[in-house]
Amino acid sequence: MKIITILGIVLLVAVSIFYYCDVDHGLAPLPGKLVATVYFRGEAPQNTEGVYLVVMPKFPPHAINELYMSPNSLPIDKDTVVTEMDLPFDHYEAVSLWWYSTETKSNLADILALPLDAGNNFLPLSFDITEENPIDTVKIYASWTRVDRDAAIEGTIYFNGPFPPNTLATAVAAYKYKPEENVHYLVWLKSIDFSIDSNPYHYRLPLRHGTVNYIAVFWLPEKANLTDFRTLGFYHDPDNPDQPGKLSIGNNETVSGIDIYADWSAAKP
């Protein structure tokens, strides 16, 4: 099973994106352009550092250098913002907005908006920049509530042994629905934390209030690409242990006791 976004990898995507944006991508001007009109809804959380336009030739991305990202944050004090990004001729499988906080490291859950295509099984909206069509346009609707995390879940993760020596990252994540397809690991992601580094590990995962239908622990080996996360375990329904546990969390509520047992045998290909 492959993931994404689980791109968080967090640390990888998040931190490396800025690195990538500082790289000189070439000497010649890029011939194409995407013009995005962004409609913000609500008010930005007080811990907002900035919001950046991200274009992905492949989705989920397999490497950091597949991403194009605006060098500066979009204005966050306006309801509507028009921004442009120069691009080479190519097919692009997704466009998104990436949110950065002043308080925490950015990760996969910080995608503020990801337009989906209702005519293509609700996969991310794709577009083409070609010699015949050098300029494309897109409308992006971004609700600040997606990153306004006013609740939390917490518990303890128990591993059945030591971390493998080739561990790159281990994460706990919460989803609105249980992912069934690769794309769901990003689209339905409510929150993720890649800081797991001990056994047992007590976690506290901030998220937006509402329903959570799947909470799982993921592992990524060294030298893996961004889609190679493996599921080690998930939170089970106390009344039906074969099924994932589901939660309904209120505003400003913290739900405790969400313990997960992670099995390293699931890390093997």
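Thresholds applied
Residues numbered from 1 in each chain as written. Predicted model: local features only at pLDDT ≥ 70, side-chain atom pairs only at ≥ 80, totals over all residues. Heavy atoms only, no water. Salt bridge = Lys/Arg side-chain N within 4 Å of Asp/Glu carboxyl O. Helix = DSSP H or I, 4+ residues; strand = E, 2+ residues; numbered from the N terminus. Buried < 20%, exposed > 50% of the residue type's maximum accessible area, 1.4 Å probe, protein only. Contact = heavy atoms within 4.5 Å. Pairing = 2+ DSSP bridges. Axes fitted to C-alpha atoms, helices over the stretch in contact; angles between N-to-C directions. Core = buried A, V, L, I, M, F, W, Y, C linked by side-chain atoms within 4.5 Å. 1 Å grid on protein atoms, 1.4 Å probe; cavity = no way out; pocket = protein on both sides within 12 Å on 5 of 7 lines; lining within 4 Å. Points joined across faces, edges and corners; volume = space filled by probe spheres on them. Nonpolar A, V, L, I, M, F, W, Y, C, P; charged D, E, K, R; others polar. Polar contact = N/O pair within 3.5 Å; in protein donor to acceptor, adjacent residues only side chain to side chain. Phe/Tyr/Trp six-rings, centres within 6.5 Å; stacked < 30°, edge-to-face > 60°.

Engineer: What is the right way to read the pattern of salt bridges from this model?
Structural biologist: Between side chains of opposite charge, a pair can form as their charged atoms come close. Using the criterion set out here, one finds four salt bridges in the structure. With a shortest N-O distance of 2.9 Å, aspartate 110 and arginine 149 are connected by a salt bridge. Highlighted residues: aspartate 110 in the loop between strand E6 (94-101) and strand E7 (111-113) and arginine 149 in the loop between strand E11 (135-143) and strand E12 (151-159), separated in sequence by 39 residues. Among the charged side chains, a network of salt bridges with common partners joins Asp148, Asp150 and Arg208.

Engineer: Just checking my understanding: could you explain unusual backbone geometry for this structure?
Structural biologist: For residues besides glycine, phi is generally negative; the peptide bonds are generally trans as well. For the bond running from asparagine 199 to proline 200, omega is -5°, close enough to zero to count as cis. Secondary-structure assignment places proline 200 in the loop between strand E14 (189-193) and strand E15 (201-207). One non-glycine residue with positive phi stands out, namely asparagine 252, at about 65°. Following the sequence through the fold, asparagine 252 ends up in the loop between strand E21 (247-249) and strand E22 (254-255).

Engineer: I would appreciate a short explanation of the side chain of threonine 37 in the present structure.
Structural biologist: Looking at where threonine 37 falls in the secondary structure, it is placed in strand E1 (residues 32-41). The exposure class assigned to threonine 37 is buried, which follows from its relative accessible area of 18%. Discounting residues that sit within four places of it in the chain, threonine 37 has contacts with Thr80, Val81, Val82, Val138, Lys139 and Ile140.

Engineer: What exactly am I supposed to notice about the sheet that holds E1 here?
Structural biologist: Either a parallel or an antiparallel arrangement is found when strands of a sheet pair, and the pairing is made through backbone hydrogen bonds. Strand order in the open sheet made by the three strands is E4-E1-E11, with mixed pairing throughout. The open sheet terminates on both sides in strands that have one partner only, identified here as strand E4 (80-87) and E11. Strand-to-strand twist of the sheet, defined as the mean angle between neighbouring strand axes without regard to direction, takes the value 20°. In this structure, E1 lies alongside E11, joined through nine bridges in parallel fashion. Within E11, the residue paired with alanine 36 across the bridge is valine 138.

Engineer: Teacher, can you tell me more about the nonpolar core here?
Structural biologist: As a rule of thumb, soluble globular proteins bury nonpolar side chains together. Phe59, Leu114, Tyr175, Leu189, Ile192, Phe194 and Phe218 are the most contacted members of the largest nonpolar core, which has 30 residues in total. Mapped onto this core, the elements with two or more residues apiece are strand E2 (48-56), E6, strand E13 (167-175), helix H2 (184-187), E14 and strand E17 (214-221).

Engineer: Please explain the layout of surface pockets as it appears in this structure.
Structural biologist: The gaps of empty space that remain are located by a probe, the size of a water molecule, rolled over the atoms. Volume-wise, the largest pocket comes out at about 430 Å³. Every element with two or more residues in the lining of the largest pocket is listed here: E6, E14 and E15. Each residue belonging to the lining of the largest pocket can be placed in one class, and the counts come to nine nonpolar, seven polar and seven charged.

Engineer: Whenever I open this one, the sheet that holds E2 confuses me. Can you help?
Structural biologist: Strand order in the open sheet formed by four strands is E3-E2-E6-E7, with antiparallel pairing between adjacent strands. Either end of the sheet is taken by a strand with one partner, and the two such strands are strand E3 (68-69) and E7.

Engineer: Got a minute to help me understand the side chain of threonine 48 in this structure?
Structural biologist: Relative to the assigned elements, threonine 48 resides in strand E2. Exposure remark for threonine 48: the relative accessible area of 11% places this residue in the buried category. In this structure the side chain of threonine 48 is engaged in a polar contact, spanning 2.8 Å, whose partner is the backbone oxygen of proline 45. Leave out the neighbours within four places in its chain, and threonine 48 touches Ile76, Trp99, Tyr100, Thr102 and Trp144.

Engineer: Hey, could you run me through the packing of aromatic side chains in this one?
Structural biologist: By convention here, two paired aromatic rings are described through the distance between centres and the angle between planes. One pass over the structure, following the stated rule, counts 14 aromatic pairs. Plain terms: the ring middles of tyrosine 92 and phenylalanine 127 are 5.1 Å apart, the flat faces sit at 20° to each other, and that makes the pair stacked. Of the two residues, tyrosine 92 is situated in strand E5 (residues 90-92) and phenylalanine 127 in strand E10 (residues 127-129); the sequence distance between them amounts to 35 residues. Take tyrosine 92 and phenylalanine 127: they sit in the same class, and that class is buried. Ring geometry for phenylalanine 159 versus phenylalanine 163: centroids 4.8 Å apart, planes at 50°, classification tilted. Judged by its relative accessible area of 7%, phenylalanine 159 is buried. Its relative accessible area of 23% is what places phenylalanine 163 among the partly exposed residues. Counting every residue linked through ring pairs, the aromatic cluster contains Phe159, Phe163, Trp219 and Trp264.

Read these as geometric descriptors, not functional statements.
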